[in-house]
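Chain residues, written in single-letter form:
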Amino acid sequence: MKKIQVFAIVALLFAGVDSFAQQPQRANTQAPQQRGQAGFGGMRGQRGGGRQQMKPEELAKVQADNIADWIDVSDAQKQQIYDMYLSTAKEQQTMYEEQMKIMQAIRQKQQAIQATQEEKLKAIVGEKKYEKYQKQKQAQMERMQQRMQQMRQAQQQSNNFGEQGGGQRAGGNDGGFGEGTGF
């Protein structure tokens, strides 16, 4: 009985954390620094976060408008705030673009090194063994892709579970603890 109680408490804690993490985002109720958008934060989320990349002008306007909403500033001060954020955003955009160029160059160097390594391996083990190695390598990659796809599906199902409302599982209202447990 004690084990069930401990398990139930742990499960409730996880359910609470999960429901908290899936609450809808509040619209601009935090300062830009608290939202992680001080400077050129609009660039984040470009890969998988789903957020659109903001232009420096858009980001500066949003930040200046937020500050003007939070505190009483004159039009001249609002313009100075906009100019400050615009300058910072443009600098950070330039840095971001430079970083992307560096990353691309590194990626190309890594690919060249890997191609050289593959050629050396082929020379060492011979054509027949190298083909066997390639098949094993391909099979390993396919297994890894399958696992990644399963993980994505599980994550998607987990996300959908939280959207079904109130932590109840689809097809039941017992939260997964069974009948008569009181949970």
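Residues numbered from 1 in each chain as written. Predicted model: local features only at pLDDT ≥ 70, side-chain atom pairs only at ≥ 80, totals over all residues. Heavy atoms only, no water.

K.L.:
Explain the pattern of salt bridges here, please?
P.N.:
Close approach of charged atoms allows side chains of opposite charge to pair. Taken as a whole and assessed by the stated rule, the structure comprises 4 salt bridges. A salt bridge links D65 to K61, with the nearest nitrogen and oxygen atoms 2.7 Å apart. A residue pair is termed a helical-turn pair when its members lie 3 or 4 positions apart in one helix, as D65 and K61 do in helix α2 (residues 56–70) at 4 residues. For E127, the salt bridge identified is with K122, shortest N-O distance 3.6 Å. For E127, a relative accessible area of 44% translates into the label partly exposed. The class of K122 is partly exposed, set by a relative accessible area of 26%. When salt bridges with common partners are traced through the structure, they connect K61, D65 and K78 into a single cluster. (Salt bridge = Lys/Arg side-chain N within 4 Å of Asp/Glu carboxyl O. Helix = DSSP H or I, 4+ residues; strand = E, 2+ residues; numbered from the N terminus. Buried < 20%, exposed > 50% of the residue type's maximum accessible area, 1.4 Å probe, protein only.)

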